[in-house]
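Residues per chain are reported as follows:
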Amino acid sequence: MTAHEVPRTLMVEGFRARRSFGFGGLSRTATIIAAVVLTADGLIATQAPLTLLVTLPVTFAVFALAAVRRHGMSALAYYWAKLAWKRAARFDATSYRRLLLPHPYALDLPGVGASSTLIKAHDPTTGRAVGVVHDRTTGYMTVTTLLAPGGSLMAPTGSVQSSLRTWSSVLDAMSTDDQVKGASVTIQITPGAGEALGDDVKARKDPNAPQLAKKIIDELVRTTPHATASVAPWMSVTVDPNASATPPADLAEQVAETLRVVDSLDLSGTGTDIERRATDVDLRRIVRSAYDPEVFNARDAEFTDLSWSECGPQAADDGWEEYAHDGGVSISWVLREMPRRPIPYSVLLPLLAPGRYQRRITISYRVLDPYEGEAVMEREISHARQREQATAEVKGRAKWSQRADAARAEKAAAQVAAGAQVVDWTLMVTATARSTADLPAARQELARAVKATRGIRMRSAYGAQAAIFAAGLPIGYSPLVKD
C-alpha cells in the first residue's frame, strides 16, 4: 500500500440522487403535465384543427427542453431560471443598497437572511454568552458551535473508523428528534494568516533559546505569510423550539429549549474538538468578514457594537455566476453529482487545501425520520425498476447503467431496513476574490480543486449566487430545510 492509498475499510459509498420515473427522460411530474397538455391540444383541435400547426410544435419543443440535460439539470429549468434572473435584474431586484432602502428593510440582512435576527443569550450550562439566530418567519432558531478539528490523515485506521461511526450516531440522533430541522458543517480557509502567526510566535519565544533556534524561527515567520492559512470550522444546527410537546410560552423559553436540544447532540468522538458555542460577537465577525474579508483579523471590540444588519454588505449585486459585495467578488458552486464508486473519507481534502483566495466549504444535512426514509427508498426502487422495464420493452434489454442504479437502490433500501438513516445532503463551495480582475484566477483555482477530488462533480449556482453565499454563513438559512 502506497502513502496515498486508503484502506478499503475507510472507503464510503451509498451516494445516490433521487430519480423519478417518466417517459423519454422526463420526470414523473413532467410526464403527467405532458399528457395533460397533449390532451388539451387534442380537445382544442376537435374544434379548430389548424391550431395543431402551432400547438404541437410548441408543445414538443418545450418538452424536448425538459428532457435534455444541461449542467446536471433539465434545459428547461436552466433557461427558465435564466429568464427569471434576467427579469429580476431588469427591475433591479438583484441589487442591494443598504443605506438607500426605507425602514424597516434597512435593518435586515439582504436576500435569504432578511428574516433573521441575532439574539444574545446566556447559556446556563457554561455561564457564557451565546449567539442565537432567530428566523422571524418560521420561528426556527440556529445555534452555531465553533470547532477545532484535529485532523485524521495520520491517525490509525481504528480511530478514523470510530470517528465515522460516532458521526453516524449524531445523524441518527437528528433523525429521531422532530425539533432538529437540519444542520450544516462549514470550514472557512483564509490564506495569508502569517502576520497573526508572527505575533503569536513573538509572544511565546524564549529569550534564552539558542541563537540558531531563534534564527530558524525568525526565518519561518518571515516566509509564513505566503504559506499559511487560518482555518475556521463551525457547525450550525437549526431547531424548531415549538415542535416540543409543550411549546415555549415566550422568546426566552424558545431560546432555552433550542439550547437544550443542541446540547443533546454529542460531538465528542467525531474527530473534532468543540471549542465553544459561538457568541453573538463571533457570529458578527463571521458574517461581516465574509462580506468584507479585510476585517477577518480585527479585534472583538470592533464587532461588539455592530447591529445585525451592519454585518451585511453596504452594497451587493447578485449576478448569474458571481456575487459582488463590499470587500470583493465571490463565486459559489453546488454539488451536481457524487461518484458512483466507493470513495475515500478524505475525498474533500483538495477543496480544504489553502489557496490564494478565501474559500468556504459547507455540507448541509437534513436527516429523514425512519418512516420517511423507508418510504423514499421504496419509491426509488419502484422508479428504478420501472425505468428498466420501459427501456427493455423498447430496446429489448435494459441499460447496464439502469441495472446498476437499481442495484444501488436495493442495496440502500437493505441498509435502511437494517437501521441506517437516509440523509438529504448537499455540498456548497464559495471562493472570494478581492477584485473582479482576480475572478478568473479564483474560478480556475476552484475548478482545479474540484477536479482533484477525482469524481465529485460540481457546477456554478446559476442565478442563486447570493443564496448559496448565505447558506455557508451561520445565519439560519439552509436550502434543504423546508418550512
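Residues numbered from 1 in each chain as written. Predicted model: local features only at pLDDT ≥ 70, side-chain atom pairs only at ≥ 80, totals over all residues. Heavy atoms only, no water.

Per an unreviewed UniProt entry, the recorded name for the protein is PrgI family protein, and the organism is Kitasatospora cinereorecta.

A.B. asks: Is there a simple way to explain empty space enclosed by the protein in this structure?
C.D. replies: One water molecule sets the probe size; rolling that probe over the atoms shows where empty space is left. Taken as a whole, this structure holds 1 cavity of 30 Å³ or more when the rule is applied. Roughly 80 Å³ of internal volume is contained in the largest cavity. Along its surface, the largest cavity is lined by Thr142, Gly182, Ala183, Ser184, Ser236, Thr238, Ala471, Leu473, Pro474, Gly476, Tyr477 and Ser478. At the level of elements, strand E8 (180-191) and strand E9 (229-239) are the ones that each hand at least two residues to the lining of the largest cavity. (1 Å grid on protein atoms, 1.4 Å probe; cavity = no way out; pocket = protein on both sides within 12 Å on 5 of 7 lines; lining within 4 Å. Points joined across faces, edges and corners; volume = space filled by probe spheres on them. Helix = DSSP H or I, 4+ residues; strand = E, 2+ residues; numbered from the N terminus.)

A.B. asks: How do you make sense of unusual backbone geometry when you look at a structure like this?
C.D. replies: Among all residues save glycine, negative phi is the norm, and among peptide bonds the norm is trans. Phi at Asp92 takes a positive value of approximately 60°, unusual for a residue other than glycine. Here Asp92 shows up in the loop between helix H3 (75-90) and strand E4 (95-97). Positive phi values are uncommon outside glycine, yet Arg454 reaches one of about 60°. Within the secondary structure, Arg454 is located in the loop between helix H13 (439-452) and strand E17 (457-460).

A.B. asks: How should I be thinking about a nonpolar patch on the surface in this particular structure?
C.D. replies: Together, Leu50, Leu53, Val54, Val58, Val62 and Leu76 give the surface a local cluster of nonpolar side chains, amounting to about 570 Å² of exposed area. You can see Leu76 is positioned in helix H3. (Patch = residues over 30% accessible without salt bridge, like charges linked within 9 Å, V, L, I, M, F, W, Y side chains within 5 Å. Areas by Shrake-Rupley, 256 points an atom, 1.4 Å probe, with all protein chains shown as cover. Salt bridge = Lys/Arg side-chain N within 4 Å of Asp/Glu carboxyl O.)

A.B. asks: So what exactly am I meant to see when it comes to a positive patch on the surface here?
C.D. replies: On the surface, Lys395, Arg397, Lys399 and Arg403 cluster together into a patch of positive charge. We classify Lys395 as exposed; its relative accessible area is 59%. (Lys, Arg positive; Asp, Glu negative; His and termini not counted. Charge placed at Lys NZ, Arg CZ, Asp CG, Glu CD. Buried < 20%, exposed > 50% of the residue type's maximum accessible area, 1.4 Å probe, protein only.)

A.B. asks: In this structure, what is going on with H3? I would like to understand it.
C.D. replies: An α-helical segment advances 3.6 residues per turn. Residues three or four places apart therefore align on the same side. When the terminal C-alpha atoms of H3 are compared, their 22 Å separation across 16 residues agrees well with the 22 Å that a helix rising 1.5 Å per residue should span. A positive phi of about 60° marks Asp92, the residue just after H3. (Expected span 1.5 Å × (residues − 1).)

A.B. asks: How should the pairing of E9 be read in this particular structure?
C.D. replies: Strand residues, when the strand is regular, have side chains that alternate between the two faces of the sheet. Of all 11 residues in E9, 8 are buried; the element is thus mostly enclosed. As defined by bridge partners, strand E7 (residues 141-149) adjoins E9 across 6 bridges and the pair is classed as antiparallel. Its bridge partner lying in E9, Thr142 is registered against Thr238. Across 11 bridges, E8 lies against E9 in antiparallel orientation. In the strand pairing of E9, Ile187 is matched with Pro233. (Pairing = 2+ DSSP bridges.)

A.B. asks: When you look at the UniProt feature "transmembrane region" (unreviewed entry) in the protein in this model, what are you seeing that I'm missing?
C.D. replies: Residues given the UniProt feature "transmembrane region" (unreviewed entry) here are residues 21-44, 50-68 and 461-480. Within residues 461-480, the helical portion is 35% and the strand portion 0%, while the C-alpha atoms at the span's ends are 15 Å from each other. (UniProt positions renumbered as here; feature names shortened; annotations may be inferred.)

A.B. asks: Teacher, can you tell me more about the packing of aromatic side chains here?
C.D. replies: The way to describe two aromatic rings as a pair is by their centre distance and the angle between their planes. This structure, assessed with the given rule, holds 9 aromatic pairs. Arranged with centres 5.7 Å apart and planes meeting at 75°, the rings of Tyr78 and Trp320 form a pair that is edge-to-face. Of this pair, Tyr78 sits in helix H3 while Trp320 sits in the loop between strand E11 (315-318) and strand E12 (323-325); the two residues are 242 residues apart in sequence, bridging distant segments of the chain. You can call Tyr78 buried: its relative accessible area is 5%. (Phe/Tyr/Trp six-rings, centres within 6.5 Å; stacked < 30°, edge-to-face > 60°.)

A.B. asks: When you look at the nonpolar core in this model, what are you seeing that I'm missing?
C.D. replies: Most often, soluble globular proteins have nonpolar side chains that are buried together. In this structure, Met174, Leu351 and Leu427 are the most contacted members of the largest nonpolar core, which totals 45 residues. If sequence neighbours within four positions are ignored, Met174 has contacts with Val180, Ala183, Met235, Leu265 and Val367. One finds Leu283, Ala316, Ala470 and Ile475 within the second-largest nonpolar core, a separate group that totals 21 residues. (Core = buried A, V, L, I, M, F, W, Y, C linked by side-chain atoms within 4.5 Å. Contact = heavy atoms within 4.5 Å.)

A.B. asks: Please explain the environment of Val112 as it appears in this structure.
C.D. replies: Tracing the backbone through its elements, the reader meets Val112 in the loop between E4 and strand E5 (116-123). Linking Val112 and Ala471, residues 359 residues apart in sequence, is a C-alpha distance of 8.7 Å. Setting aside residues no more than four positions away along its own chain, Val112 makes contact with Ala467, Ala470 and Tyr477.

A.B. asks: Mind showing me how you'd approach helix H12 (residues 400-417) here?
C.D. replies: Between the first and last C-alpha of H12 there are 26 Å, a value that for 18 residues agrees with the 26 Å anticipated at 1.5 Å per step. Where H12 is buried, its residues meet helix H11 (370-395). Trailing H12 by a residue or two, Gly419 shows a phi angle of about 115°, which is positive.

A.B. asks: Before we go on, may I ask you to explain the side chain of Arg288 in this structure?
C.D. replies: Relative to the helices and strands, Arg288 resides in helix H8 (residues 280-291). A distance of 3.1 Å separates a polar atom in the side chain of Arg288 from a polar atom in the side chain of Asp326. Leave out the neighbours within four places in its chain, and Arg288 touches Val295, Phe303, Leu306, Glu310, Cys311, Gly312, Pro313 and Asp326. (Polar contact = N/O pair within 3.5 Å; in protein donor to acceptor, adjacent residues only side chain to side chain.)

A.B. asks: Hey, could you run me through the packing of H11 against H12 in this one?
C.D. replies: In the contact formed by H11 and H12, the axes pass within 9 Å of each other and the chain directions differ by 160°. One element, H11, and the other, H12, form an angle in the roughly antiparallel class. Between H11 and H12 the crossing geometry is left-handed. Residue-level inspection shows Gly373, Glu374, Met377, Glu380, Ile381, Ala384, Arg385, Arg387, Glu388 and Thr391 of H11 in contact with H12, the latter providing Gln402, Arg403, Asp405, Ala406, Ala409, Glu410, Ala412, Ala413 and Val416. Within the contact of H11 with H12, the residues separate by chemical class into 8 nonpolar, 3 polar and 8 charged. (Axes fitted to C-alpha atoms, helices over the stretch in contact; angles between N-to-C directions. Parallel < 35°, antiparallel > 145°, perpendicular 65-115°, else oblique. Left-handed = near helix turned anticlockwise from the far one by under 90°. Nonpolar A, V, L, I, M, F, W, Y, C, P; charged D, E, K, R; others polar.)

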